[in-house]
Amino acid sequence: MADRIQLTGIRVHAGHGVLPHEAEYGQPFIVDITAWLDFADAARDDDLTKTVNYAELAQLAADTVAGTRRQLVETVATDIAEQAMATFGQLHAVEVTVHKPHAPVGLVLDDVAVTARRSHKTAAGPARVAANPTN
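What counts as what
- Residues numbered from 1 in each chain as written.
- Predicted model: local features only at pLDDT ≥ 70, side-chain atom pairs only at ≥ 80, totals over all residues.
- Heavy atoms only, no water.
- Helix = DSSP H or I, 4+ residues; strand = E, 2+ residues; numbered from the N terminus.
- Contact = heavy atoms within 4.5 Å.
- Areas by Shrake-Rupley, 256 points an atom, 1.4 Å probe, with all protein chains shown as cover.
- Pairing = 2+ DSSP bridges.
- Axes fitted to C-alpha atoms, helices over the stretch in contact; angles between N-to-C directions.
- Buried < 20%, exposed > 50% of the residue type's maximum accessible area, 1.4 Å probe, protein only.
- pLDDT = per-residue confidence, 0-100.
- Expected span 1.5 Å × (residues − 1).
- Polar contact = N/O pair within 3.5 Å; in protein donor to acceptor, adjacent residues only side chain to side chain.
- Left-handed = near helix turned anticlockwise from the far one by under 90°.
- Nonpolar A, V, L, I, M, F, W, Y, C, P; charged D, E, K, R; others polar.

*Asks:* Can you explain the overall build of the protein chain? Please cite residues and give values.
*Replies:* In terms of regular secondary structure, the protein chain is built from four helices and four strands. Seen in sequence order, the protein chain has helices and strands lined up from the N terminus as β-α-β-α-α-α-β-β. At a minimum sequence separation of 6, the contacts of the protein chain that also span at least 24 residues come to 63%. On the protein chain, roughly 8,600 Å² of surface is accessible, and the fraction owed to carbon and sulfur atoms is 52%.

Here you go:
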């Protein structure tokens, strides 16, 4: 069973992007997070220590967006997802979407968004050997 916690609309002003003016002036970034976990024990016992504290998850995302400047929003989303998985051991998986509504693409648009999903992977399956067409 996998329950989920969703955080939407975490807003942070930051200077991510490839263009010099993006670093100089910055722009708003909006982060949405969906975290999958089993919180049955937390709900049964009404115990915050048995689930993910969503205030801490939101702060992790905000700190990451406000932190080191990145050229790619893909890097920002991946950083948040990987840090969340490393920080919150209860997570089965996390999906992080970073919106850049004022992305300089030369057209009028509502939003640019990238999504990174990370999960605990099961053990690797048997190795596959590719056929060599030259043999």
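*Asks:* Quick one: what's the story with the sheet that holds strand 1 (residues 3–14), residue by residue and with numbers?
*Replies:* Read from one edge of the open sheet, four strands run 1-2-3-4, paired in antiparallel fashion. At either margin of the open sheet sits one strand with a lone partner, and together these are strand 1 and strand 4 (113–119). Across the sheet, the mean angle separating the axes of adjacent strands is 15° when strand polarity is ignored. Relative to strand 3 (residues 93–99), strand 2 (residues 27–37) runs antiparallel, the two sharing seven bridges. Residue pairing in the sheet places Val31 in a bridge with Val98 of strand 3. Helix 3 (residues 54–66) rests against strand 1 and strand 2 of the sheet, and its axis sits at about 35° to strand 1.

*Asks:* Can you explain the pairing of strand 3? Please cite residues and give values.
*Replies:* Of all seven residues that make up strand 3, six are buried, and the element is covered over most of its length. Where strand 3 lies against strand 4, seven bridges are found, and the strand directions are antiparallel. If you follow Thr97 over to strand 4, its bridge partner there is Thr115.

*Asks:* Account for the confidence of the model for the protein chain, naming residues and giving values.
*Replies:* For the protein chain, the mean per-residue pLDDT works out to 89, and 89% of the residues sit at or above 70. Element-level pLDDT for the protein chain is lowest in helix 1 (residues 20–25), with a mean of 90, against a maximum mean of 98 in helix 3. Confidence drops under pLDDT 50 across residues 122–135; counting only partners more than four residues distant or on other chains, this segment forms zero contacts.

*Asks:* I'd love a proper account of helix 3, names of residues and values included.
*Replies:* The terminal C-alpha atoms of helix 3, which comprises 13 residues, lie 18 Å apart, in line with the 18 Å expected from a rise of 1.5 Å per residue. Three or more residues of helix 3 are buried, namely Leu57, Leu60, Ala61, Ala62, Thr64 and Val65. Structurally, helix 3 contributes buried residues whose contacts are with strand 1, strand 2 and helix 4 (73–87). Capping the start of helix 3, Asn53 holds a side-chain oxygen 2.9 Å from the backbone nitrogen of Ala55, two or three residues further along.

*Asks:* Break down the packing of helix 3 against helix 4 for me, citing the residues and quoting the values.
*Replies:* Packing of helix 3 against helix 4 brings their axes to within 10 Å, and their N-to-C directions diverge by 145°. Two packed elements cross with a definite hand, and for helix 3 against helix 4 that hand is right-handed. Together, Leu57, Leu60, Ala61, Thr64 and Val65 of helix 3 and Val76, Asp79, Ile80, Gln83, Ala84 and Thr87 of helix 4 make up the contact between the two elements. Residue composition of the contact of helix 3 with helix 4, grouped by class: seven nonpolar, three polar and one charged.

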